[in-house]
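Summary of the model geometry
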Amino acid sequence: MRIAILSRGPKLYSTRRLKEAAETRGYEARVLNPLSCSIEVAQGSPLLYYKNKKLSPYDAVIPRIGASITFFGTAVLRQFEQMGTFCVNPSHSITVSRDKLRALQVLSRHRIRIPTTLFVRHKSEILPGIARMGGPPVVVKLLEGTQGIGVILADSTKVAEAIIETLAGPAKMSVLLQKFVAESRGRDIRAFVVGNRVVAAMRRTASGDDFRSNIHRGGSAEVVELDEEYQRAAVHAAQIMGLRVAGVDLLEGKNGPVLMEVNSSPGLEGIESATGVDIAGEIISLIEDEVLFPDIDIRQRLTLQSGYGVIEIPVDERSEFCGKTIRDSKLRERDVLVLTIQRESVTIPNPRVDREILAGDVLLCFGKTLTLKGLAPPRRAKTKKRRKAAPNPGADEPGPDA
Ligand SMILES: Nc1ncnc2c1ncn2[C@@H]1O[C@H](COP(=O)(O)OP(=O)(O)O)[C@@H](O)[C@H]1O
Ligand SMILES: [Mg+2]
């Protein structure tokens, strides 16, 4: 197997470890600087050149794309995707995870606790927004910050306003306001997810009176045994973002885990030395397991020509399918296959005909587009009285930010 590590720093700890882990297992591994790639887009033959030579085929790519080159780096990765190479993390997921607002928007539809976050344009929106969050202190952060840079605690509304004015003014940076999770007191959990499992976890504690626990800000790390709830939250968050490898940051809130962010190129050094886990080896094992199953866009492959497609059907108590088995739903008679049932955070693949469909399930179905259209739940009619929108547990989204 030939593995490419897309990284600008061949000497960086994480890059070196990944190369070493691949070579230890007898694979060829090469570090490619994404900035030395050129992307050639032509009908039927997506190509990549590396230092002006045509790149020979790779079986897998491990993207390690720094925040400063997200745009070009993900474009190179997208080209690998077009060429059919297995990419450990898909380009789209990396793009979404890099934007703190976009990532939280996607995550907010799911059963994962996140701190209430505000994104505003006008100064006049700041004060009422902070009041809605329960008043100061609030955290102000840059939309695309990393390593704790651009994360500031504002004790008062005045300070928050001043910070936002400074950042969003002439500097034209986008900023978020976020509820301060005070009980986490400068501590957070980094859960390292590979595949569908937390392979290592550490608790980071901020240095001195800093509230940011980033190692880059002088924080210290200790190994931690995560309970079920924290593990589930971390894996679920990575899955929602579509990341097979992710560093999921969680705060220890008073009611359980509060999701902070999901990093798509998490560093290995801090966590390998704190926990002693061979994370690079875990990533190579994941490639061994998954290289045969590259991401394919089913919709794109099937829908366009054949008249067949896939659809997600959320089931609630009023649904004609609720309480029936798949057999009794008569979907098969209508030439519709149920591929999976999403039940809370569990996916039931290839459900058997005697499997009962429950309220809250989401059925992923394959069939004739016309038939599927008739199965989609009707759009709710507008009512005159505005009721408070109830969260619809069935209405999950099909993928990250789809
Ligand atoms: N809303 C918040 N409440 C409490 N602590 C926070 C909050 N937001 C950030 N922090 C602290 O600041 C650190 C950095 O914030 P984060 O959003 O992860 O930015 P970065 O991408 O720069 O790491 C977090 O690890 C956490 O310790
Ligand atoms: Mg962070």
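Residues numbered from 1 in each chain as written. Chains lettered and ligands numbered in written order. Predicted model: local features only at pLDDT ≥ 70, side-chain atom pairs only at ≥ 80, totals over all residues. Heavy atoms only, no water.

1. Some remarks on the pairing of strand β3 (residues 37-40)
What counts, and what does not: Paired strands are those between which DSSP finds at least two bridges. Segments assigned H or I by DSSP are reported as helices when at least four residues long, segments assigned E as strands when at least two residues long, and all are numbered from the N terminus.
Here β3 runs beside strand β4 (residues 47-50); their pairing, made up of 4 bridges, is antiparallel. Residue pairing across strands places I39 opposite L48, the latter belonging to β4. The antiparallel hairpin formed by β3 and β4 contains 6 residues in its connecting segment, where G44 sits at a positive phi of about 80°.

2. Quick notes on helix α1 (residues 13-24)
Defined as follows: A helix is expected to span 1.5 Å multiplied by its residue count minus one. Partly exposed describes any residue whose relative accessible area lies between the buried limit of under 20% and the exposed limit of over 50%, with all areas from a 1.4 Å probe on protein chains only and scaled to the type maximum. The arc in question is the one traced by the directions running from the helix axis out to the C-beta atoms.
The first and last C-alpha atoms of α1 sit 16 Å apart over 12 residues, in line with the 16 Å expected at 1.5 Å per residue. Those residues of α1 not exposed but buried are S14, T15, R17, L18, A21 and A22. End-on view of α1: buried residues confined to an arc of 165°, all on one side of the axis. Immediately downstream of α1, the backbone of G26 shows phi near 85°, a positive value.

3. Notes on the confidence of the model for the protein chain
The condition is simple: pLDDT expresses how confident the predictor is about each individual residue, on a scale running from 0 to 100. Whether two residues touch is decided by their heavy atoms; if any such pair falls within 4.5 Å, the residues are in contact.
This prediction gives the protein chain a mean pLDDT of 89; 91% of its residues lie at or above 70. Of the regions scoring below 50 in pLDDT, residues 386-402 engages in 31 contacts with residues more than four places distant in sequence or in other chains.

4. Re the pattern of salt bridges
What counts here: The term salt bridge refers to a pairing of a side-chain nitrogen on Lys or Arg with a carboxyl oxygen on Asp or Glu at a separation within 4 Å.
This structure, assessed with the given rule, holds 23 salt bridges. Between E222 and R203 there is a salt bridge whose closest N-O contact spans 3.7 Å. With E222 in strand β14 (residues 220-223) and R203 in strand β13 (residues 197-205), the pair connects residues that are 19 residues apart, well separated along the chain. Members of the salt-bridge network, linked through shared partners, are R17, E20, E272 and D278.

5. Here's the deal with the site of ligand 1
Heads up, the condition is: Proximity is defined per residue: any heavy atom of the residue falling within 4 Å of a molecule or strand makes that residue near it. A 3.5 Å cut-off defines polar contacts: any pair of N or O atoms within that distance qualifies, except that in protein one atom must be a possible hydrogen donor and the other a possible acceptor, and neighbouring residues in sequence count only when both atoms are side-chain atoms. Accessible areas in this description were obtained via Shrake-Rupley with a 1.4 Å probe; residue shielding takes into account the shown protein chains only.
By nearness alone, 21 residues border ligand 1, and K100, K141, G148, S213 and N214 come closest of all. One of the backbone nitrogen or oxygen atoms of G148 is found 2.6 Å away from an oxygen atom of ligand 1. The contact in question runs from an oxygen atom of ligand 1 to an N or O atom on the backbone of F211, over 3.4 Å. If ligand 1 stood free it would expose 540 Å²; the protein chains cover 99% of that surface. Broken down by secondary-structure element, the contributors of at least two residues to the shell around ligand 1 are β9 (138-142), β11 (175-179) and β16 (256-263).

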